[in-house]
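What follows is the residue order along each chain.
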Amino acid sequence: MWELIEANRRKSLILFFSLGLTLLLLGYFFGSAYYPDGGGFIGMFFAFVIWGILSLISYFSGSKILLAVSGAKEVTKEVHPQLFNIVEEMKISASLPAMPKVYIINEAAPNAFATGVKPENSAVAVTAGLLARLNRDELQGVVAHEVSHIVNRDVLFMTFAGIMLGSIVLISEVFLRSLWFGGGRYTSKSSKSSGQGQMIIMIVAIVFAILAPILAQLLYFAISRKREYLADASAVRYTRYPEGLASALEKIANSTEELKTANKVTAPMYIANPLKPKGQKLSNLTSTHPPISERVRILRSMSGGANYIDYQNAFNKIKKSNLPIIPSSGLADQTTIGLKEASITPVTLGLNKQTKRDTGDIMMKVNNYSFIDCSCGLKIKIPPDFQKTELFCPRCGRKHNLNS
Ligand SMILES: [Zn+2]
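Parameters and conventions
- Residues numbered from 1 in each chain as written.
- Predicted model: local features only at pLDDT ≥ 70, side-chain atom pairs only at ≥ 80, totals over all residues.
- Heavy atoms only, no water.
- Donors = N, O, S within 2.8 Å, 3.2 Å for Na, K, Ca; no water.
- Tetrahedral: all angles 85-135°; square planar, octahedral: opposite > 155°, others 65-115°.
- Helix = DSSP H or I, 4+ residues; strand = E, 2+ residues; numbered from the N terminus.
- Buried < 20%, exposed > 50% of the residue type's maximum accessible area, 1.4 Å probe, protein only.
- Core = buried A, V, L, I, M, F, W, Y, C linked by side-chain atoms within 4.5 Å.
- Pairing = 2+ DSSP bridges.
- Axes fitted to C-alpha atoms, helices over the stretch in contact; angles between N-to-C directions.
- Contact = heavy atoms within 4.5 Å.
- Phe/Tyr/Trp six-rings, centres within 6.5 Å; stacked < 30°, edge-to-face > 60°.
- Lys NZ or Arg CZ within 6 Å of the ring centre and 35° of its normal.
- Salt bridge = Lys/Arg side-chain N within 4 Å of Asp/Glu carboxyl O.

Undergrad: Even after reading the chapter, I still don't get the coordination of the zinc ion, so can you show me in this structure?
TA: Tetrahedral coordination by four donors places them ideally at 109.5 degrees to one another around the metal; octahedral coordination by six donors ideally gives 90 or 180 degrees. Bound to the zinc ion on the protein side are His145 (NE2), His149 (NE2), Glu228 (OE) and Glu228 (OE), at distances that span 2.0 to 2.6 Å. Bound by four donor atoms, the zinc ion shows angles of 53 to 131° at the metal and therefore irregular coordination geometry. Look at where the donors of the zinc ion fall in the sequence and you get H-x3-H-x78-E. Residue histidine 145 is found in helix 5 (residues 136-151), and its partner glutamate 228 is found in helix 7 (residues 192-239); the two are separated by 83 residues along the sequence. The pair formed by histidine 145 and glutamate 228 is uniform in burial state, with each residue classed as buried.

Here it is in structure tokens:
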């Protein structure tokens with residue numbers, strides 16, 4: 001397992017180096033365009049400082065910010081015992097050093113993500129809509145996928161690569177805007193030839209400022225898509241049940257709700273791209289996630305076993321390519337890990353009345369609502385700011401004492 005992380009880390013370092021170089025070059029061009037005499041190095045220095053500050057902030061409070069932005073609330077075992085059991089199971093299967101914190105997001109759209117730059121201090125967040133729709137096997141598949149991201153250090157990678165990408169986008173935008181609003185005030189007037197040289201630098205700088213964010217994004221997305229496949233493969237290894245994740249992904253893909261709290265920066269963190277492309281399908285290159293239908297087909301064609309080699313074989317078969325998705329150290333382990341027998345559960349797609357009601361219940365629980373089961377069969381929901389000590393059932397009129 002450690003070798004797998006190592007191989008993963010090497011590839012991340014290459015990406016890191018390329019993004020870092022792009023960032024510094026961008027700073028250099030920015031500086032040179034305004035101050036031809038040594039301004040390039042000042043620009044590089046500032047680019048590095050901006051990246052450093054953003055990285056420090058995200059390393060120390062990135063999880064907190066992400067969880068807050070997405071409206072996730074930490075919950076206790078009482079709110080959703082099944083979810084806690086599953087997270088505990090997956091913690092053991094993946095040999096995580098500590099139990100991840102469990103968060104629920106008050107949204108009807110089904111989705112999930114993991115945070116935590118260190119496996120000792122991680123969190124798994126799922127939406128209320130996900131909990132209401134998925135059965136136990138499916139939920140286990142999703143949690144296993146998220147725990148894989150923690151184990152494979154994807155969160156650490158996504159955070160830093162994401163910040164670097166963000167810095168590149170930010171600096172390019174500032175530079176291009178500064179040109180728009182009357183740039184070039186600081187041009188040196190020493191000689192005609194140096195003026196011409198500066199013109200060339202300016203053009204190169206503009207072209208670079210336009211291309212750098214696009215290239216950086218493509219690079220970042222390519223690696224993040226690969227990491228999704230790897231997390232799917234690890235999830236199967238932990239659960240030994242590819243159908244659970246496959247059917248969960250299908251349900252997530254079939255939902256029509258939009259995740260309101262997701263944005264461009266947080267999108268790669270989710271199990272499925274939360275930003276539904278408007279109108280036509282997003283092209284493969286510009287997507288943070290591989291197409292769900294493809295992930296499902298790969299999972300469903302795993303027949304030999306639950307090991308990494310079985311996932312890679314299924315991947316090759318479906319994609320008709322030999323792209324190594326699993327690092328070679330992961331493939332070296334040829335032990336047969338048997339698949340779990342399929343449990344017979346009725347497949348219900350779409351959103352029925354019960355799902356809607358369940359979603360509401362989970363959301364209210366997360367918001368500290370309490371519940372009273374009246375003997376007439378009605379479940380009475382009590383908001384957290386309810387002041388009175390007694391309450392009458394709106395259906396049968398029975399009196400309930402609230403002693404808390
Ligand atoms: Zn994922």
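Undergrad: Would you mind going over the nonpolar core with me for this structure?
TA: What tends to happen in soluble globular proteins is that the nonpolar side chains get buried as a cluster. Of all hydrophobic cores here, the largest spans 58 residues; its most connected members are Leu83, Ile104 and Tyr311. One finds Leu19, Phe30, Ala123 and Met202 within the second-largest nonpolar core, a separate group that totals 41 residues.

Undergrad: I keep staring at the sheet that holds strand 3 (residues 112-118) and nothing clicks. Help me out?
TA: What holds strands together in a sheet is hydrogen bonding between their backbones, with the strands either parallel or antiparallel. Judged by pairing direction, the sheet is mixed, and its four strands sit side by side in the order 1-2-4-3 without closing on themselves. Edge positions in the sheet fall to strand 1 (72-74) and strand 3, since each has one partner strand and no second. Each strand axis lies, on average, 25° off the axis of its neighbour in the sheet, ignoring direction. Direction of pairing for strand 3 relative to strand 4 (residues 121-127): antiparallel, over a ladder of five bridges. When the sheet's bridge partners are listed, alanine 114 is paired in strand 4 with valine 124. In this fold helix 5 packs onto strand 3 and strand 4, with an angle of close to 25° to the strand it touches most, strand 3.

Undergrad: What is the right way to look at the packing of aromatic side chains in this model?
TA: The relative placement of two aromatic rings is captured by the distance of their centres and the angle of their planes. Scanning the model with the defined rule gives 12 aromatic pairs in all. Sitting over the ring of phenylalanine 157, arginine 227 keeps its end group 4.0 Å from the ring centre.

Undergrad: Looking at this structure, I do not really get the pairing of strand 2 (residues 101-105). What am I missing?
TA: Consecutive side chains along a regular strand alternate between the two faces of the sheet. For strand 2, the buried fraction is high: four of the five residues fall into the buried class. When strand 1 meets strand 2, the two strands line up antiparallel, connected through three bridges. By the bridge assignment for strand 2, alanine 72 is matched with isoleucine 105. The pairing of strand 2 with strand 4 spans five bridges and is classified as parallel. Along strand 4, the bridge assignment pairs lysine 101 with alanine 123.

Undergrad: For this particular structure, what's the right way to read the pattern of salt bridges?
TA: Any two side chains of opposite charge can pair if their charged atoms end up close together. Under the counting rule described, the total for this entry stands at 11 salt bridges. Here lysine 77 and glutamate 88 are joined by a salt bridge, their closest N and O atoms 3.7 Å apart. Of this pair, lysine 77 sits in the loop between strand 1 and helix 3 (81-93) while glutamate 88 sits in helix 3; the two residues are 11 residues apart in sequence, bridging distant segments of the chain. Classification of glutamate 88 by relative accessible area gives partly exposed; the value is 32%. The shortest N-O distance in the salt bridge between arginine 136 and glutamate 89 comes to 2.8 Å. Taken together, the positions of arginine 136 in helix 5 and glutamate 89 in helix 3 put the pair 47 residues apart, joining distant regions of the chain. Salt bridges sharing partners connect three or more residues here, namely Glu228, Asp232 and Arg295.

So yeah, pure geometry; function would need other evidence.
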